[in-house]
Amino acid sequence: MNYYPHHIGDFNSATRHLTRLERSVYRDMLDLYYDTEGPLTPELDSLCRLLLARSNEERTAVEQVLNEFFTESDEGWCHARCDAEIEKYHVQREAKSAAGKASAAKRAQKTQRPLNSRSTPDEQSNYDCATNQNQNHNQDKEHPPTPRKRGQGFDAAAIDLPNWLDREDWQSWVSDRKARKKPVTEEGARRQLKQLADYLAQGHKPADVIGNSIAGGYQGLFPPKAQARAGPPSRAQAMADWNAELSRELAQGRRPTEIDMGVIDASH
């Protein structure tokens, strides 16, 4: 393959946690996979040589990316998304080749067919047009076009997900949006995966964010609010507050008279 689609949003969401070196190595692996149209070699030394990974740091990056994004098999390191794109490419190429051959055969048949001795050129031309229409009509009967249902083009529940996101959690979110007649679009899925990655970087687990959004009936993803501290302050906190208040009194040049220290448990 000399060309393959690269979805920037999907790639950024799946590799946001990688280093620049690991992201670069991953792109080189994808290029090599599509160029050879097959799994990467299981021999690490040979693979590193093909990827120009010579230093120990580069070889480590190759191993990390392989273990995270590829699946080891008898044929080598496989990648599900790449295999699907390669299969789609071959189907489209065979369909175009068949259509081209059929068109060339029709042109050759029309050129070589002699005119009927009893018909004029105009009558023969009309006959050819009618014949072609009948052939097309018969082909349509044999291979009727598959009707496309509304909204059939994109399934948010089946997209590729980063390894830090559990598929069941994501499918719960997609099902909830669909039940509220607000299905997740392709652009919406890309943005929401980015949101979940940002929340994860802030310390919010994707499962907690999705559960909070479903429970609140939100159309967007929102992390749960932090709960206020409950119960009386600890002894250490009470002493720290008392010392701070005493320091403020002394700094203002006043002699402290009475300071509320709260209730301190002296049994600990």
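One can find the structure itself at the top, above this paragraph.
In short, a report on the structure. (Residues numbered from 1 in each chain as written. Predicted model: local features only at pLDDT ≥ 70, side-chain atom pairs only at ≥ 80, totals over all residues. Heavy atoms only, no water.)

1. Section: the overall build of the chain
For the chain, the count of helices and strands is ten helices and two strands. Mapped from its N terminus to its C terminus, the chain presents α and β elements in the order α-α-α-α-β-β-α-α-α-α-α-α. Burial analysis of the chain (268 residues in total) assigns 25% to the buried set. Relative to all contacts within the chain whose residues are 6 or more apart in sequence, the contacts with residues 24 or more apart total 55%. (Helix = DSSP H or I, 4+ residues; strand = E, 2+ residues; numbered from the N terminus. Buried < 20%, exposed > 50% of the residue type's maximum accessible area, 1.4 Å probe, protein only. Contact = heavy atoms within 4.5 Å.)

2. A closer look at the nonpolar core
When a protein is soluble and globular, its nonpolar side chains tend to lie buried together. In terms of nonpolar packing, the biggest core is built from 27 residues, with M29, L40, V62, L66 and F70 touching the most fellow members. When residues of this core are traced back to their parent elements, those giving at least two are helix 1 (8-15), helix 2 (20-36), helix 3 (44-50), helix 4 (56-69), strand 2 (77-78) and helix 5 (80-112). When residues of this core are assigned to their parent elements, the largest contribution, seven residues, is made by helix 2. Apart from the residues lying within four places of it in its own chain, the contact partners of L66 are M29, L40, L44, L47 and W77. By size, the runner-up hydrophobic cluster in this structure holds 16 residues, among which are I159, W173, L193 and L196. (Core = buried A, V, L, I, M, F, W, Y, C linked by side-chain atoms within 4.5 Å.)

3. Description of the packing of helix 2 against helix 5
Running from N to C, helix 2 and helix 5 point in directions that differ by 35°, and their axes come no closer than 10 Å. For the crossing formed where helix 2 meets helix 5, the hand is right-handed. When helix 2 is examined against helix 5, the residues L30, Y33 and Y34 are found in contact with a partner set consisting of R81, C82, D83, E85 and I86. (Axes fitted to C-alpha atoms, helices over the stretch in contact; angles between N-to-C directions. Left-handed = near helix turned anticlockwise from the far one by under 90°.)

4. Digging into the packing of helix 7 (residues 167-179) against helix 9 (residues 206-216)
Interhelical geometry of helix 7 versus helix 9 gives an angle of 20° and a closest axis separation of 10 Å. Relative to helix 9, the element helix 7 lies roughly parallel. Crossing geometry of helix 7 relative to helix 9 is assigned as left-handed. Between helix 7 and helix 9, the residues in contact are D169, W170, S172, W173 and D176 and A207, I210, S213 and I214, respectively. In terms of residue class, the contact of helix 7 with helix 9 is made up of five nonpolar, two polar and two charged. (Parallel < 35°, antiparallel > 145°, perpendicular 65-115°, else oblique. Nonpolar A, V, L, I, M, F, W, Y, C, P; charged D, E, K, R; others polar.)

5. Some points on the pattern of salt bridges
Opposite charge on two side chains permits pairing when their charged atoms draw close. Enumeration according to the criterion identifies eight salt bridges in this entry. A salt bridge links R180 to D176; the nearest nitrogen and oxygen atoms lie 2.7 Å apart. Taking the relative accessible area as the measure of exposure, D176 reaches 17% and is therefore buried. Here R191 ties to E187 by a salt bridge, and the two come within 2.9 Å at their closest N and O atoms. Note that R191 and E187 are positioned in helix 8 (residues 186-201) at a spacing of four residues, about one turn of the helix. (Salt bridge = Lys/Arg side-chain N within 4 Å of Asp/Glu carboxyl O.)

6. Focus: helix 1
Among all positions in helix 1, only G9, F11, S13, A14 and T15 are buried. Looking at the packing, one finds that the buried side of helix 1 touches helix 2, helix 4 and helix 8.

7. Description of helix 7
Here helix 7 is 13 residues long and its end C-alpha atoms lie 18 Å apart, about the 18 Å a rise of 1.5 Å per residue gives. Taken together, the buried positions of helix 7 are occupied by W170, W173, V174, D176 and R177. Along the axis of helix 7, the buried positions cluster into a sector of 160°, meaning they face one direction only. In helix 7, the exposed positions angled more than 90 degrees off the buried face are occupied by E168, K178 and A179. As for helix 7, its buried residues are in contact with helix 8 and helix 9. By the N-cap criterion, in which a side-chain oxygen at the helix start approaches the backbone nitrogen of a residue two or three places on, helix 7 is capped by D166, the distance to E168 being 3.0 Å. Backbone geometry just after helix 7 places K181 at a positive phi near 60°. (Expected span 1.5 Å × (residues − 1). Arc of directions from axis to C-beta. Polar contact = N/O pair within 3.5 Å; in protein donor to acceptor, adjacent residues only side chain to side chain.)

8. Observations concerning the packing of aromatic side chains
Across all of its chains, the model carries six aromatic pairs by this definition. Centre to centre, the rings of Y26 and F70 are 6.2 Å apart; their planes meet at 80°, and the pair counts as edge-to-face. With a gap of 44 residues between them, Y26 in helix 2 and F70 in the loop between helix 4 and strand 1 (71-72) connect regions that are remote in the sequence. With respect to class, Y26 is no different from F70; both count as buried. With centroids separated by 5.3 Å and ring planes inclined at 80°, the aromatic side chains of Y218 and F222 adopt a geometry described as edge-to-face. With a relative accessible area of 35%, Y218 lands in the partly exposed category. (Phe/Tyr/Trp six-rings, centres within 6.5 Å; stacked < 30°, edge-to-face > 60°.)

9. Regarding the side chain of E85
Along the chain, the position of E85 falls in helix 5. Here E85 is in contact with M1, P5 and Y34, once residues within four sequence places are set aside.

10. Some words on the environment of G38
Tracing the sequence through the fold places G38 in the loop between helix 2 and helix 3. Remark: the alpha-carbon pair of G38 and E75, spanning 37 residues in sequence, is separated by 8.7 Å.

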